[in-house]
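# Residue-level structural notes
Take a look at the letters that make up each chain.
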Amino acid sequence: MSQNMMSVSSLNTKIKSLLEATFMHTLVEGEVASVTYHTSGHLYFSIKDDKSSIKCVMWRSSVARMKFRIEKGMHIVVEGSVSVYTPRGEYQFQTVRIEPYGQGALALAYEQLKKKLKEKGYFEASRKKPIPKYIQKIALVTAKDSAALHDMLKIIEQRWALVEVVVVDTLVQGELAAPQIANALTYADSLDVDVIVVGRGGGSAEDLWAFNEEVVADAISVMQTPVVSAVGHEVDVLISDFVADLRAPTPSAAMEMVLPDSREILYTLNELVDRYSRTVEQNVQQAIQNLRHLDEMLLRTSPLRKLSELDKAFIYCKKELYRTIMHKFEQLSTLLSSPKQQFKYQIENRLQTKQQDLQAIEEKWLLHNPKLQCHRGWAQISKEEKVVSLVDIAIDETFVIEDESVRIKALALDKIVIK
């Protein structure tokens, strides 16, 4: 018998030593042909190309670090080493890390979880709770020494310092962050606050990944208090943003979105006070006018007023009756006077009228008497048969002076104007 002959166990042992020593830290790419997530936490699957396939296994500790789940037909890259199970002479690829081919693991995990949660209805608008308009108590779920917390507290002090702030400290980065955030959210939900803001500042995709974990999404989905997700910057969109009742681009922006501005409130209050004052003034004036109107109506319908008006009407009627009686009496007296008295009255009246006419004729005659038109010491001045004034006579010029009885031709030797 040949000396090179060996047992099956020896052969399998040699093959195991050879393969495991040769294929360590190896990368293999292929399509997932089958996959089984075992209840033990281990992952059993196989990958293939167009010519062959290989069985693979990933132990529970490595599976726990995976961000996504592999599915049949997925093109992946596995990293690990070849191992041989000597009792059966079978070999498999013992995997320590899996990446999607041509795509980042985090990006794939993000899309997978997003699709899963959308199918569960986590993103439905009907699930969103409204944010209260005026907040008295707010919980901030973040790291207690973070810049994000400092920024939020600064905005709170500027906008609405009256709000009561409860800080719930938690990790916001690392493998332990996601369950801590979920527990912090659950605790904050029991504090009877008006709104909860969960978040952190900016960072890489790995830094923010805790807010993409399903455990955080599950915690937000069952909360009774409105939740605002304020993670990273404007460009960072996390799973928590989709599940929360409101998404804020930054922690500082979250404070500006949920808290009122005290300056605007004061301005509004001033306007309301002015409007209230104007309304009260208008109501008072209207009440005064109504009271005056009622007072006038009361006076018009008052029995005393009616008695007063009747009394005035009686006095007026009494005076009118007396005047009428006296007028009638005078008429009767005139009718009863003697004809002699009437004739005397007519003669005296006619004589008085004629005397007045005679006086008027005399005054008219005196007014037109040429001899009476000139007063003593005054005469008429004329030049070239035209009546002129002395001011019109020049030196060395001849003129005529005349009154009712004398006419003189004169020469102006000198002229002095008397002012």
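The following paragraphs examine the structure supplied in this document. (Residues numbered from 1 in each chain as written. Predicted model: local features only at pLDDT ≥ 70, side-chain atom pairs only at ≥ 80, totals over all residues. Heavy atoms only, no water.)

## Focus on the overall build of the protein chain
Looking only at helices and strands, the protein chain has 11 helices and 14 strands in total. Since a compact globule built from 419 residues should have a radius of gyration of about 22 Å, the 63 Å found for the protein chain marks it as more spread out than a globular shape. Taking all 419 residues of the protein chain together, 29% fall into the buried category. Sequence-distant contacts, at least 24 apart, represent 59% of the contacts inside the protein chain between residues at least 6 apart. For the protein chain, the exposed area adds up to about 29,700 Å²; of that, 57% sits on carbon and sulfur atoms. (Helix = DSSP H or I, 4+ residues; strand = E, 2+ residues; numbered from the N terminus. Rg over C-alpha atoms; globule rule 2.2 N^0.38 Å. Buried < 20%, exposed > 50% of the residue type's maximum accessible area, 1.4 Å probe, protein only. Contact = heavy atoms within 4.5 Å. Areas by Shrake-Rupley, 256 points an atom, 1.4 Å probe, with all protein chains shown as cover.)

## Observations concerning the pairing of strand 14 (residues 407–411)
Here strand 13 (residues 398–402) runs beside strand 14; their pairing, made up of five bridges, is antiparallel. If you follow V400 over to strand 14, its bridge partner there is K409. (Pairing = 2+ DSSP bridges.)

## What to know about the sheet that holds strand 5 (residues 90–100)
If you walk around this closed barrel you meet the five strands as 1-2-3-5-4, and the pairing is mixed. Strand-to-strand twist across the sheet, computed as the mean angle between neighbouring axes with direction ignored, equals 55°. When strand 2 (residues 43–48) meets strand 3 (residues 53–58), the two strands line up antiparallel, connected through six bridges. Note on strand 3: the bridge partner recorded for F45 is C56. (Axes fitted to C-alpha atoms, helices over the stretch in contact; angles between N-to-C directions.)

## Notes on the packing of helix 4 (residues 147–159) against helix 8 (residues 251–258)
The contact between helix 4 and helix 8 brings their axes to 8 Å, and the two run at 25°. Taken as axis vectors, helix 4 and helix 8 run roughly parallel relative to one another. In this structure, the crossing between helix 4 and helix 8 has a hand that is right-handed. Facing A148, D151, M152, I155, I156 and R159 of helix 4, the residues of helix 8 in contact are P251, S252, M255 and E256. Within the contact of helix 4 with helix 8, the residues separate by chemical class into six nonpolar, one polar and three charged. (Parallel < 35°, antiparallel > 145°, perpendicular 65-115°, else oblique. Left-handed = near helix turned anticlockwise from the far one by under 90°. Nonpolar A, V, L, I, M, F, W, Y, C, P; charged D, E, K, R; others polar.)

## Considerations on unusual backbone geometry
Here the phi dihedral of E385 falls at roughly 70°; this positive angle occurs in a residue that is not glycine. Structurally, the position occupied by E385 is in the loop between strand 11 (380–383) and strand 12 (386–387). Relative accessible area serves as the criterion here: at 69%, E385 is assigned to the exposed category. Even without being a glycine, D396 presents a positive backbone phi close to 70°. Summarising the element assignment, D396 is placed in the loop between strand 12 and strand 13. The class of D396 is exposed, set by a relative accessible area of 59%.

## What about the side chain of Q112?
Locating Q112 in the fold gives a position in helix 3 (residues 105–119). Classification of Q112 as buried rests on a relative accessible area of 19%. A polar atom in the side chain of Q112 sits 2.7 Å from the backbone oxygen of R69. If we skip the residues at most four places from it in the chain, Q112 touches F68, R69, E71 and M74. (Polar contact = N/O pair within 3.5 Å; in protein donor to acceptor, adjacent residues only side chain to side chain.)

## Here's the deal with the nonpolar core
Core analysis: the biggest nonpolar cluster contains 59 residues, and F45, F68, I70, I76, I98 and L185 have the highest contact counts within it. For I98, the contacting residues outside a window of four places in its chain are L43, F45, M58, M66, F68, I70, I76, V77 and V78. Within the second largest apolar cluster, 19 residues are counted, among which are I138, M255, L259 and I265. (Core = buried A, V, L, I, M, F, W, Y, C linked by side-chain atoms within 4.5 Å.)

## Some thoughts on the side chain of T170
Residue placement: T170 occurs in the loop between strand 7 (164–169) and helix 5 (177–189). A distance of 3.4 Å separates the side chain of T170 from the backbone nitrogen of I181, its partner in a polar contact.

## Some remarks on the packing of aromatic side chains
Evaluated as defined, the whole model comprises one aromatic pair. Here the aromatic rings of F123 and F242 are separated by 5.2 Å at their centres, their planes lie at 35°, and the arrangement is tilted. Taken together, the positions of F123 in the loop between helix 3 and strand 6 (137–142) and F242 in helix 7 (residues 239–243) put the pair 119 residues apart, joining distant regions of the chain. For F123, a relative accessible area of 18% gives the class buried. A relative accessible area of 24% means that F242 is categorised as partly exposed. Sitting over the ring of Y37, R69 keeps its end group 3.9 Å from the ring centre. (Phe/Tyr/Trp six-rings, centres within 6.5 Å; stacked < 30°, edge-to-face > 60°. Lys NZ or Arg CZ within 6 Å of the ring centre and 35° of its normal.)

## Looking at the packing of helix 5 against helix 6 (residues 214–221)
Orientation of helix 5 relative to helix 6, taken along the N-to-C sense of each, is 10°, at an axis distance of 8 Å. Comparing their axes, helix 6 and helix 5 come out roughly parallel. Facing helix 5, whose interface residues are A178, P179, I181, A182 and L185, helix 6 presents V215, V216, A219 and I220. Broken down by class, the residue content of the contact of helix 5 with helix 6 amounts to nine nonpolar, no polar and no charged.

## Some points on the sheet that holds strand 13
With respect to topology, four strands assemble into an open sheet ordered 12-11-13-14, the strand pairing being antiparallel. The open sheet has two edge strands, strand 12 and strand 14, and neither has a second partner. Sheet topology places strand 11 next to strand 13; three bridges connect them, and they run antiparallel. Residue pairing for strand 13: Q380 is matched across the bridge by E402.

## Some points on helix 3
Over its 15 residues, helix 3 extends 21 Å from the first C-alpha to the last, a length consistent with the 21 Å expected when each residue adds 1.5 Å. Those residues of helix 3 that fall on the buried side of the exposure criterion are A105, L106, L108, A109, Y110, Q112, L113 and L117. Those residues of helix 3 hidden inside the fold are in contact with strand 5, helix 6 and helix 7. Where helix 3 terminates, the next one or two residues include G121, which has phi positive at roughly 85°. (Expected span 1.5 Å × (residues − 1).)

By themselves, these figures tell us nothing about what the structure is for.
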